[in-house]
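As a plain string of letters, each chain reads:
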Amino acid sequence: MFRRLFSAWIALSTLGVGMMIFATGARAATQYDVVNMTVNASSIHVIANSNAFPNFRTGAVDNSYAYAHSHVDGSPFSQGRSSPLDTGPFVQLQAATNPIKAFAQPQYADVRFPPSNTKPQEFCFTQLVPFLASLAGAPPQEVGPCQRAVGYAQAFARENYAFAQATEVGDTGEQPQVSSSPTPGPTLPGVPGAPSTGGTNSTPATKPVIKMLPVAFTFNPLSPSLVALNTALTAWRARWLTADDAARFPAHMAATSTPDGADGMSAISETTFDPATGMLKLRGDSRVARVSLGSGAIVLNGVHTLITMIDDGTGPKSTMSMSVASAEVGGVPVSIGLDGVSVNGSQVPGVGDAIQQASSQLNTALAQTGWSITAAKPSVVQSVGQKTIDASAVLVKFAPPSPAPGVPTIFTYYWIGQVFADQLGTVGVPLGGGTGNLGGGGTNPTSGSTQFLPGTNGTPGSPATLGQGQSNVGGLQHLLKTKPLYLLLLYFLWQAIIIGTGASLWWLRMGGKAA
């Protein structure tokens, strides 16, 4: 009986130590003091201005074609907003200050939470017909059923979740998660008609027929800058292309028959906060099947940018992918890098060892006529609990010199395949671990620090002076972080004394003989 009781006592003591150590490793859902996530995806983001309009912050034209915005914060507030034809501040100003009657632009799908969960909202280009008719003074017309074949936008928002998609080629086939379960997956179906974007040098099997945007513009006749571009590209081709290469790649110069436009545009954004697991997720996906600029002199195929980000309380972790399937300038295949374009030597073998000189002079010819084509270096800013990424696959600039003194100058930036993602999750310190704030564990934000305003578009959150959170760690590591070390050492010393006393009593009962 004595041996049984002693063995049971030893087992319970050891079990108690193990439970105290390992039970602390049970992972609970991460508790956040602050949650703020924003994703903006746009297939083509156009910024244009002139020194004749100095009052606009970014430009009189600040438009995104195929635009998707999603936002979630802990207020709680969620918003999904999208449009296949987002108009910038100049058009918005005209709509708000219309001399006859101010009106809201109809080409947006916009859903917000609160006040309540709603069904996904949709927009189709067919809905513009009755709107334009009403502006012309026609009697009100009923909006017909939504046709998703072209010019489509969808948005949805519920607590802790927002989704938005916009596309010029029709519905992508992806739908928002209208219920809180199951958790939205990270996969994204392909966009119909878009060529593969798996590499930077792969050529699409078939080039889709370009569908011009309603805002596509032409120069009739060609503007002096485009005439100069044709002259420069023609001289470059005569200098660097062999007869075989020139026949293999015919010249594609600026022409009035090929206005600027794009085809196969889609943008998707999604933000998710799962309170049950404490997981923050976001993703932004931007695609363009084909872009034509410079009235056909510059062509890009298969532009794709994808950003995903996840945070389980240990800090945001992201993946980023940017690719261009193929590109050409004046009909010549090129690759695009941070320093500009480079002649694709594998496709244009006649250039030979002079590829660097040929590429340098091609960039010079573009620059002399006001053009610049580069890969956009992504902007990544990370701090404690927050990460912000602004990435685009290609940046095309057009800034021609002023034709005469006193004539206003213009500039146009094309951010192609752009995704902006900002994720902030400030982990809360458990009760008693801070300075007395109930459930907070940190000091209150200082006066003048950035606060989190629900409904702001693309405004990254700021952790201000909130206390630093703690990640969920387990086992002895967590025990040493959360318990005073001297108490832990005293406990183990007490256990050693008890075990030693038990062993001495056992040895005494055995008559001083070894057990």
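(A) Main features of the overall build of the protein. Summing up its helical and strand segments, the protein has eight helices and 18 strands in all. Taking contacts inside the protein between residues at least 6 apart in sequence as the whole, the part at least 24 apart equals 68%. In the form shown here, the protein has an accessible surface area of approximately 25500 Å², with 61% of it arising from carbon and sulfur atoms.

(B) Broad picture of the nonpolar core. Among the nonpolar cores identified, the biggest contains 65 residues, and W371, I373, V394 and I416 are the most heavily contacted of them. It is strand β1 (residues 32-50) that contributes the most residues to this core, seven residues altogether. The contact partners of W371, leaving out residues within four places of it in the chain, are L226, L229, L293, G294, I298, L366, V396, K397 and F398. A109, F123, A153 and A157 belong to the second largest nonpolar core, which has eight residues in total.

(C) Geometry of the pattern of salt bridges. Applying the stated criterion across every chain, the model contains six salt bridges. Notably, a salt bridge pairs R283 with E174, separated by 2.0 Å at the nearest N-O pair. Within this pair, whereas R283 is found in strand β10 (residues 279-293), its partner E174 is found in the loop between β7 (161-167) and α4 (224-240), the two being separated by 109 residues in sequence. Using a relative accessible area of 8% as the deciding quantity, one classes E174 as buried. Measuring nitrogen to oxygen at the nearest pair gives 2.5 Å for the salt bridge that ties D245 to R248. Pair noted here: D245 and R248 are both in helix α5 (residues 243-248), with a separation of three residues, about one helical turn. Classification of R248 as partly exposed rests on a relative accessible area of 45%. Beyond isolated ion pairs, a larger network of salt bridges with shared partners links R81, D110 and R112.

(D) Quick look at the confidence of the model for the protein. Looking at the protein, the pLDDT average stands at 76 and 63% of residues meet or exceed 70. Segment residues 22-26 is flagged for pLDDT under 50; beyond a separation of four residues in sequence, or across chains, it makes ten contacts in the model. Below pLDDT 50 for its whole length, residues 182-219 participates in 88 contacts with residues either more than four positions away or in separate chains.

(E) Main features of a nonpolar patch on the surface. Judged by side-chain polarity, M320, M322 and V380 come together as a nonpolar surface patch covering roughly 230 Å² of accessible area. With relative accessibility at 31%, the residue M322 sits in the partly exposed group.

(F) Spatial organisation of the environment of I307. Along the chain, I307 turns up in strand β11 (residues 298-311). A relative accessible area of 0% means that I307 is categorised as buried. For the pair formed by I307 and A41, sequence separation is 266 residues and the distance between their alpha carbons is 9.6 Å. Beyond its immediate sequence surroundings of up to four residues, I307 is in contact with L282, R283, G284, T319, M320, I389, A391, V419 and A421.

(G) The arrangement of α4 in detail. Here α4 is 17 residues long and its end C-alpha atoms lie 24 Å apart, about the 24 Å a rise of 1.5 Å per residue gives. Listed in full, the buried residues belonging to α4 are S225, L226, L229, N230, A232, L233, W236, R237 and W240. Angular distribution of buried residues about the axis of α4 spans 170 degrees; they occupy a single face of the element. Exposed residues pointing more than 90 degrees away from the buried face of α4 are listed as P224, T231, A238 and R239.

(H) Summary view of the packing of aromatic side chains. As enumerated under the stated definition, the model contains four aromatic pairs in all. Over the ring of Y108 we find R81, and its NZ or CZ is 4.1 Å from the ring centre. When the ring centre of W240 is taken as reference, the NZ or CZ atom of R239 above it lies at 4.0 Å.

(I) Spotlight on helix α6 (residues 355-368). Look at α6: 20 Å from first C-alpha to last across 14 residues, which is about the 20 Å you get at 1.5 Å a residue. For α6, the full list of buried residues reads A358, S359, L362, A365 and L366. One side of α6 holds all its buried residues, which, seen down the axis, span an arc of 120 degrees. Seen from the buried face of α6, the exposed residues on the opposite side, beyond 90 degrees, are Q356, A367 and Q368. Tucked into the core, α6 has its buried residues touching α4, β12 (317-329), β13 (332-337), β14 (340-343) and β15 (371-374). Remark: G370 follows α6 within two positions and exhibits a positive phi of approximately 95 degrees.

(J) View of unusual backbone geometry. P76 follows S75 through a cis peptide bond whose omega is 0 degrees. Mapped onto the elements of the fold, P76 is located in the loop between β2 (61-73) and β3 (77-83). Cis geometry marks the peptide bond from F113 to P114, where omega comes out at -5 degrees. Mapped onto the elements, P114 comes out in the loop between β4 (109-113) and β5 (121-124). Even without being glycine, A66 reaches a positive phi, approximately 65 degrees. By the secondary structure assignment, A66 is in strand β2.

(K) Looking closely at the environment of F113. Among the secondary structure elements, F113 is positioned in strand β4. A relative accessible area of 12% places F113 in the buried class. Separated by 48 residues in sequence, F113 and Y161 have C-alpha atoms that sit 9.1 Å apart. For F113, the residues in contact, after removing those within four places along its chain, are P76, F77, S78, A157, R158 and E159.

What counts and how
Residues take numbers from 1 onward in each chain, read along the sequence in its written order. Residues qualify for local features only when their pLDDT is at least 70, as the model is predicted, and side-chain atom pairs are given and counted only at 80 or more; totals for whole chains, interfaces and linings, by contrast, use all residues. Where side-chain values are given, they derive from all heavy atoms of the structure, hydrogens and water being excluded. A helix here means a DSSP run of H or I that spans at least four residues, while a strand means a run of E at least two residues long, and both kinds are numbered starting from the N terminus. By the convention used here, residues are in contact when the closest approach between their heavy atoms is within 4.5 Å. For the accessible areas, the method is Shrake-Rupley and the probe is 1.4 Å, while residue cover comes only from the protein chains on display. Among buried residues, the Ala, Val, Leu, Ile, Met, Phe, Trp, Tyr and Cys ones that are joined through side-chain atoms within 4.5 Å form a nonpolar core. The rule is simple: take the accessible area with a 1.4 Å probe, protein chains only, and divide by the maximum for that residue type; under 20% is buried, over 50% is exposed, in between is partly exposed. The salt bridge criterion pairs a side-chain nitrogen of Lys or Arg with a carboxyl oxygen of Asp or Glu, the two atoms within 4 Å. pLDDT measures how confident the predictor is about each residue, on a scale from 0 to 100. Only residues above 30% relative accessible area that lack a salt bridge enter a patch, with like-charged residues linked at up to 9 Å and the nonpolar side chains Val, Leu, Ile, Met, Phe, Trp and Tyr linked at up to 5 Å. Between the first and last residue of a helix there are one fewer steps than residues, each counted as 1.5 Å, and that sum is the expected span. Regarding the arc, it is the one traced by the directions from the helix axis to the C-beta atoms. A pair of Phe, Tyr and Trp rings is counted when the ring centres sit within 6.5 Å of each other, with Trp represented by its six-membered ring. The angle between the planes then sorts it: under 30 degrees is stacked, over 60 is edge-to-face, the rest tilted. We call a charge positioned over a ring when the NZ of a Lys or the CZ of an Arg lies within 6 Å of the ring centre and within 35 degrees of the ring normal.

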